[in-house]
Amino acid sequence: MCRKAPPGACECGHDVGRLINTLSHQLKRQMCLDECEDSLTTNMQRLVLHYILFESLKRDIYQKDVEKEFQIRRSTATGTLQILEKNGFIVREPVERDARLKKLTPTKKAVGVREHILENIRYIEKLLAGGIPEEKLAVCREVLEQMSENLSGDEKRREEITDHE
């Protein structure tokens with residue numbers, strides 16, 4: 001069960017969490033799918049593939065990176081990566097220095113949708129920022145990052161309490 005909301009949190013009916021949730025659903029509906037991406041049945045699969053496609057251009061990517069980037073549990077990351085591998089979007093390659101590590105590498109199939117993904121991201125970002133001055137967008141980014149840190153910190157505190165019980 002959720003914790004009790006602090007006094008005054010939902011008085012106006014437009015609390016921040018609900019607005020973010022609404023925006024998230026709107027973003028998901030705006031995502032365009034390429035025929036090649038049809039086998040990606042969840043938004044998380046699409047997001048993880050996008051992350052692997054673009055981050056792997058700069059550095060090696062491992063499951064731990066996916067867990068950290070999306071703040072998901074190991075089991076969630078494992079399931080998502082298994083589906084991406086099964087559908088031919090990534091391969092897990094053993095790493096010489098540590099047999100337990102598996103590098104996540106996009107396949108030719110995944111690389112084939114990279115440009116479509118980039119175009120879609122540009123389109124969505126343009127829609128989101130339409131009519132909003134850059135100064136306000138900068139403040140929005142800062143506030144959203146702080147909110148994410150606030151939630152991450154609370155989650156870590158809860159895990160510490162649970163681990164010590």
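Sequence order as written defines the numbering, with residues in each chain counted from 1. It should be noted that, the model being predicted, local features are given only for residues of pLDDT at least 70 and side-chain atom pairs only at 80 or more, the latter also being counted only at that level, while totals for whole chains, interfaces and linings use all residues. With hydrogens and water excluded, all non-hydrogen atoms of the structure serve as input to the side-chain values.

Here a strand pair is declared whenever DSSP counts at least two bridges between the two strands. Strands are runs of DSSP state E lasting at least 2 residues, helices are runs of H or I lasting at least 4, and numbering of each runs from the N terminus. Strand direction decides the pairing type here: strand β1 (residues 90–95) and strand β2 (residues 98–106), joined by six bridges, are antiparallel. Counted as the bridge partner of R92 is L104 from β2. From the end of β1 to the start of β2, which pair antiparallel, there are two residues.

For helix α3 (residues 63–70), the set of buried residues is Q63, V66 and E67. Looking straight down α3, one finds that the buried residues subtend no more than 100° of arc, so they occupy a single side. Facing away from the buried side of α3 by more than 90 degrees, the exposed set consists of K64 and K68. Residues of α3 that are buried sit in contact with α2 (43–55), α4 (74–86), β1 and β2. Positive phi shows up at Q71, right after α3, with a value of about 50°. Only protein chains enter the accessibility calculation, which uses a 1.4 Å probe; a residue whose area is less than 20% of its type maximum is buried, one above 50% is exposed, and one in between is partly exposed. Each C-beta atom gives one direction from the helix axis, and the arc is the one those directions make. Contacts are residue-level and defined by heavy atoms, with any inter-residue pair within 4.5 Å sufficient.

The subject of this paragraph is the nonpolar core. Among the nonpolar cores identified, the biggest contains 18 residues, and L49, I52, V66, L81, L84, I90 and L104 are the most heavily contacted of them. Looking at this core element by element, the count peaks at five residues for α2. Buried Ala, Val, Leu, Ile, Met, Phe, Trp, Tyr and Cys residues form a nonpolar core when they are joined through side-chain atoms within 4.5 Å.

We now examine the packing of aromatic side chains. Ring geometry is summarised as follows: Phe, Tyr and Trp rings, the Trp one being its six-membered ring, pair when their centres sit within 6.5 Å, and such pairs are stacked at plane angles under 30 degrees, edge-to-face over 60 and tilted between the two. Inspection of the entire model under this criterion finds one aromatic pair. Ring centres of Y51 and F70 lie 5.6 Å apart, and the angle between their planes is 80°; on these two criteria the pair is classed as edge-to-face. Of this pair, Y51 sits in helix α2 while F70 sits in helix α3; the two residues are 19 residues apart in sequence, bridging distant segments of the chain. Classification of Y51 as buried rests on a relative accessible area of 9%. Stacked on the ring of F89, the Lys or Arg K109 has its end atom at 4.5 Å from the ring centre. In this analysis the charged atom, NZ for Lys or CZ for Arg, is taken to sit over a ring once it is within 6 Å of the ring centre and within 35 degrees of the ring normal.

This part is about the pattern of salt bridges. Between Lys or Arg on one side and Asp or Glu on the other, a salt bridge is scored when a side-chain nitrogen of the former is within 4 Å of a carboxyl oxygen of the latter. In this structure the tally under the stated criterion is eleven salt bridges. Across the salt bridge formed by R141 and E134, the nearest N and O atoms sit 3.2 Å from each other. Overlapping salt bridges, with partners in common, bring together E55, K58, R59 and D65 in one network.

With that out of the way, let us pick up the packing of α2 against α4. For any two helices packed against each other, one specifies the inter-axial angle together with the distance between the axes. Direction vectors running N to C along α2 and α4 enclose 75°, while the axes themselves pass 10 Å from each other. The orientation of α2 with respect to α4, classified from their angle, is roughly perpendicular. Residue-level contacts link M44, Q45, V48, L49 and I52 of α2 to T80, L81, I83 and L84 of α4. Residues that form the contact of α2 with α4 fall into these classes: seven nonpolar, two polar and no charged. Every axis corresponds to a line fitted to the C-alpha atoms, with the helix fit spanning only the stretch in contact, and the corresponding angles, defined between N-to-C directions, vary from 0 to 180 degrees. Relative orientations are named as follows: roughly parallel for angles under 35 degrees, roughly antiparallel for angles over 145 degrees, roughly perpendicular for angles from 65 to 115 degrees, and oblique for any other angle. The nonpolar class holds Ala, Val, Leu, Ile, Met, Phe, Trp, Tyr, Cys and Pro. Asp, Glu, Lys and Arg form the charged class, and all remaining residues, Gly among them, are polar.

Further remarks concern α4. Expected span of a helix: the number of residues minus one, times 1.5 Å. Look at α4: 18 Å from first C-alpha to last across 13 residues, which is about the 18 Å you get at 1.5 Å a residue. A77, T80, L81 and L84 are the residues of α4 that are buried. The buried side chains of α4 occupy one side of the element, clustering within an arc of 95° when seen end-on. Away from the buried face of α4 by more than 90 degrees, exposed residues S75 and K86 are located. Structurally, α4 contributes buried residues whose contacts are with α2, α3, β1 and β2.

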